[in-house]
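This is what each chain is made of:
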Amino acid sequence: MTGHSETDRHARMMQALHAFGKRQRKGDPATPPIVSSVKFNLPGDPEAPFVYGRYGTPTLEATEAALGALEGAPVIGFPSGMAAVTAALFSSVKSGDRLLLPSDGYFAVRALIAEFLEILGVKADYVPTPALSTHSLGGYSLVWVETPSNPGLDICDLQRLASRTKLAGIPLIADNTTATPFLQPVLDLGADISICSDTKAVSGHGDALFGHVASRNEGFMARVRAWRKMSGSTPGPWESFLVQRGLQTLDVRLQRMCTNAKAVAELASNHAKIRNVRYPGLETDPCNALAAQQMSDFGFLVGLTFSDAATAEQFIEHTASIYPSTSFGAVHTSGERRARWGDAVPEGYVRLSVGCEPTSHLLRSLKDSLDAL
Ligand SMILES: *Cc1c(COP(=O)(O)O)cnc(C)c1O
């Protein structure tokens, strides 16, 4: 696996874990205080580290430092993944631009463009995730990629795509929510801008909405910061605290989640009740080689296709170890049938977010439930 070397991602994790403590003085707290004050002592000249809560707070700054260590780049936090998506788009596009995006990525991105950007004169074309890396870039001002794609788990060759967007002189934005910056260093693989919904695996406990934008392009980041300040899209201190707390265990949680996901995918591949399994870590998966090339593990999302919607719903409902819900990346396994939202997947397609449960118990619970279908 060459996504990033084990040394690199572990060095970044070390830095994320010590980002806060190393800056403290004698007598300071070991964890970032939750500072809820929106006002900061500001007599005279208004130059100060903190000015007003909408511009940033000490709690948010500590979280951004930890996320920045993981990304290996400056980070700006947002109150949700979609707020980060919105900031990246509105900081980059202008009337008359044409964007190239995946047709099978997170649905709200397409909805945002259709309802709010197209009326401002921005056009968008959509192609399937695997086809993005070879699609002609003529006439486009920006390319968006999401890999593995949510919910279908297809993969795009990031290095190939990035080398072509560089040649074309246009920015590449990568939504890295499903893999996380720990498993897939999209900026090192060539993307100009990294987006992540930290609501998912990065915070990891299903109790905080948060997102971030990361980039080494200073001009772009200045615009994103201005967007946040003017649009007022600033995360609160409590969510900021939960994200920095959660990301400290990202490495160990992902180890268990990826191990469990692989075991679940293998169990499902050999089960008569399942028509198809998507997991980039299965050697039989069409995206396996590409995933191995750019990810340091294969993630925790597994796509299971049952014969029909009713069988899929029965599986979700009758499995004690599956919490029926949307969203993913928490410590408990959860699942949902994505066609219920209109995603372009088969009616019987279940996106399973595999959690940190003890492996043998999780497998037994899933096998019992599949056998009973
Ligand atoms: C969930 C998700 C988002 C949006 O994140 P929120 O925190 O729910 O706003 C964006 N992209 C992808 C790929 C997602 O899965």
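One can find the structure itself at the top, above this paragraph.
Residues numbered from 1 in each chain as written. Predicted model: local features only at pLDDT ≥ 70, side-chain atom pairs only at ≥ 80, totals over all residues. Heavy atoms only, no water.

### Comments concerning the overall build of the protein
For step 1, the next point in the chain: Check the secondary structure of the protein and you find 12 helices and 12 strands.
For step 2, the next point in the chain: Against the globule reference of 21 Å for 373 residues, the protein gives a C-alpha radius of gyration of 21 Å, in line with a compact fold.
For step 3, the next point in the chain: Counting only C-alpha atoms, the protein reaches 75 × 55 × 35 Å along its principal axes.
For step 4, the next point in the chain: Here the protein holds 373 residues, and the buried ones make up 55% of them.
For step 5, the next point in the chain: Put simply, 71% of the contacts in the protein that link residues at least 6 apart link residues at least 24 apart.
For step 6, the next point in the chain: With the model as given, the accessible surface of the protein reaches about 15900 Å², and the carbon-plus-sulfur share is 55%.
For step 7, the next point in the chain: Side-chain charges in the protein split into 34 positive and 37 negative, and the spacing between the mean points of these groups amounts to 3 Å. (Helix = DSSP H or I, 4+ residues; strand = E, 2+ residues; numbered from the N terminus. Rg over C-alpha atoms; globule rule 2.2 N^0.38 Å. Buried < 20%, exposed > 50% of the residue type's maximum accessible area, 1.4 Å probe, protein only. Contact = heavy atoms within 4.5 Å. Areas by Shrake-Rupley, 256 points an atom, 1.4 Å probe, with all protein chains shown as cover. Lys, Arg positive; Asp, Glu negative; His and termini not counted. Charge placed at Lys NZ, Arg CZ, Asp CG, Glu CD.)

### Thoughts on unusual backbone geometry
The bulk of non-glycine residues show a negative phi, and the bulk of peptide bonds are trans.
For step 1, the next point in the chain: With omega at -10°, the peptide bond leading from Thr147 into Pro148 counts as cis.
For step 2, the next point in the chain: Mapped onto the elements of the fold, Pro148 is located in the loop between β4 (142-146) and α5 (158-168).
For step 3, the next point in the chain: For the bond running from Asn150 to Pro151, omega is 15°, close enough to zero to count as cis.
For step 4, the next point in the chain: The topology assignment puts Pro151 in the loop between β4 and α5.

### Some thoughts on helix α11 (residues 309-318)
An α-helical turn contains 3.6 residues, so any two residues separated by three or four positions project in the same direction.
For step 1, the next point in the chain: Buried within α11 are the following residues: Thr311, Ala312, Phe315 and Ile316. Looking straight down α11, one finds its buried side chains confined to an arc of 135°; they lie on one side. Away from the buried face of α11 by more than 90 degrees, exposed residues Ala310, Glu317 and His318 are located.
For step 2, the next point in the chain: Looking at the packing, one finds that the buried side of α11 touches β9 (301-305), β10 (323-324), β11 (334-337), β12 (349-353) and α12 (359-371).
For step 3, the next point in the chain: For α11, the N-terminal capping position is held by Asp308, with its side-chain oxygen 3.3 Å away from the main-chain nitrogen of Ala310. (Arc of directions from axis to C-beta. Polar contact = N/O pair within 3.5 Å; in protein donor to acceptor, adjacent residues only side chain to side chain.)

### A short note on the site of the ligand
For step 1, the next point in the chain: Surveying the vicinity of the ligand reveals the residues Ser80, Gly81, Met82, Tyr106, Glu146, Asn150, Asp175, Thr177, Ser197, Thr199, Lys200 and Phe328.
For step 2, the next point in the chain: One nitrogen or oxygen atom from the main chain of Gly81 is found 2.8 Å from an oxygen atom belonging to the ligand.
For step 3, the next point in the chain: One of the backbone N or O atoms of Met82 is found 2.8 Å from an oxygen atom in the ligand.
For step 4, the next point in the chain: Starting from 380 Å² of accessible surface for the ligand in isolation, the protein chains cover 93%. (Near = heavy atom within 4 Å.)

### Examining the packing of aromatic side chains
For step 1, the next point in the chain: Applying the stated rule across the entire model yields 7 aromatic pairs.
For step 2, the next point in the chain: Summarising the aromatic geometry, the rings of Phe40 and Phe50 are spaced 5.6 Å apart at their centres and angled 35° between planes, so their arrangement reads as tilted. Here the residue Phe40 occupies a position in the loop between α1 (6-18) and α2 (58-71), and Phe50 occupies one in the loop between α1 and α2, the gap between them amounting to 10 residues. Here Phe40 matches Phe50 in class, with each residue buried.
For step 3, the next point in the chain: Judged by centre distance (6.2 Å) and plane angle (40°), the ring pair of Phe300 and Phe328 falls under tilted. Of this pair, Phe300 sits in the loop between α10 (288-294) and β9 while Phe328 sits in the loop between β10 and β11, placing them 28 residues apart in sequence. Accessibility assignment for this pair places Phe300 and Phe328 in one class, buried.
For step 4, the next point in the chain: The cationic tip of Lys200 hangs over the ring face of Tyr106; the distance from NZ or CZ to the ring centre is 5.3 Å. (Phe/Tyr/Trp six-rings, centres within 6.5 Å; stacked < 30°, edge-to-face > 60°. Lys NZ or Arg CZ within 6 Å of the ring centre and 35° of its normal.)

### Re the packing of helix α3 (residues 81-90) against helix α4 (residues 107-117)
For step 1, the next point in the chain: Packing of α3 against α4 leaves a shortest axis separation of 11 Å and a crossing angle of 50°. Between α3 and α4, the interaxial angle falls into the category oblique. Of the two elements, α3 crosses α4, and the hand of that crossing is right-handed. Residue-level inspection shows Met82, Val85, Thr86, Leu89 and Phe90 of α3 in contact with α4, the latter providing Ala108, Val109, Leu112, Ile113, Phe116 and Leu117.
For step 2, the next point in the chain: In terms of residue class, the contact of α3 with α4 is built from 10 nonpolar, 1 polar and no charged. (Axes fitted to C-alpha atoms, helices over the stretch in contact; angles between N-to-C directions. Parallel < 35°, antiparallel > 145°, perpendicular 65-115°, else oblique. Left-handed = near helix turned anticlockwise from the far one by under 90°. Nonpolar A, V, L, I, M, F, W, Y, C, P; charged D, E, K, R; others polar.)

### As for the sheet that holds strand β3 (residues 123-127)
For step 1, the next point in the chain: Here 7 strands make up an open sheet; going across it, the order is β1-β7-β6-β5-β4-β2-β3 and the pairing mixed. Strands with a single pairing partner mark the edges of an open sheet, and in this sheet they are β1 (75-78) and β3. Here the average twist between neighbouring strands, direction ignored, is 20°.
For step 2, the next point in the chain: In this sheet, strand β5 (residues 172-175) lies alongside β4 in parallel orientation, the contact comprising 4 bridges. Looking at β5, one finds that Trp144 is bridged to Ile173.
For step 3, the next point in the chain: Running over the sheet, α5 touches β4 and β5 and is turned about 175° from β4. (Pairing = 2+ DSSP bridges.)

### Considering the nonpolar core
For step 1, the next point in the chain: Within the largest apolar cluster, 61 residues are counted, with the highest numbers of intra-cluster contacts made by Val277, Tyr279, Val302, Leu304, Phe306 and Phe315.
For step 2, the next point in the chain: No other element matches the 8 residues that helix α9 (residues 250-269) contributes to this core.
For step 3, the next point in the chain: When sequence neighbours within four positions are dropped, the list of residues in contact with Val302 reads Leu153, Ala261, Ala265, Val277, Arg278, Tyr279, Val350, Arg351, Leu352 and Val354.
For step 4, the next point in the chain: Listed in part, the 26 residues of the second largest apolar core include Val93, Leu142, Phe220 and Val224. (Core = buried A, V, L, I, M, F, W, Y, C linked by side-chain atoms within 4.5 Å.)

### Some words on α1
For step 1, the next point in the chain: For α1, which comprises 13 residues, the first-to-last C-alpha distance of 18 Å matches the rise-based estimate of 18 Å (1.5 Å per residue) to within 8%.
For step 2, the next point in the chain: By the burial criterion, the buried members of α1 are Arg9, Arg12, Met13 and Ala16. Viewed end-on, α1 has its buried residues packed into an arc of 100°, placing them on one side of the element. Opposite its buried face, α1 presents the exposed residues Thr7, Met14 and Gln15, each directed more than 90 degrees away.
For step 3, the next point in the chain: The secondary structure elements touched by the buried residues of α1 are α2, α6 (180-183), α8 (237-247) and α9. (Expected span 1.5 Å × (residues − 1).)

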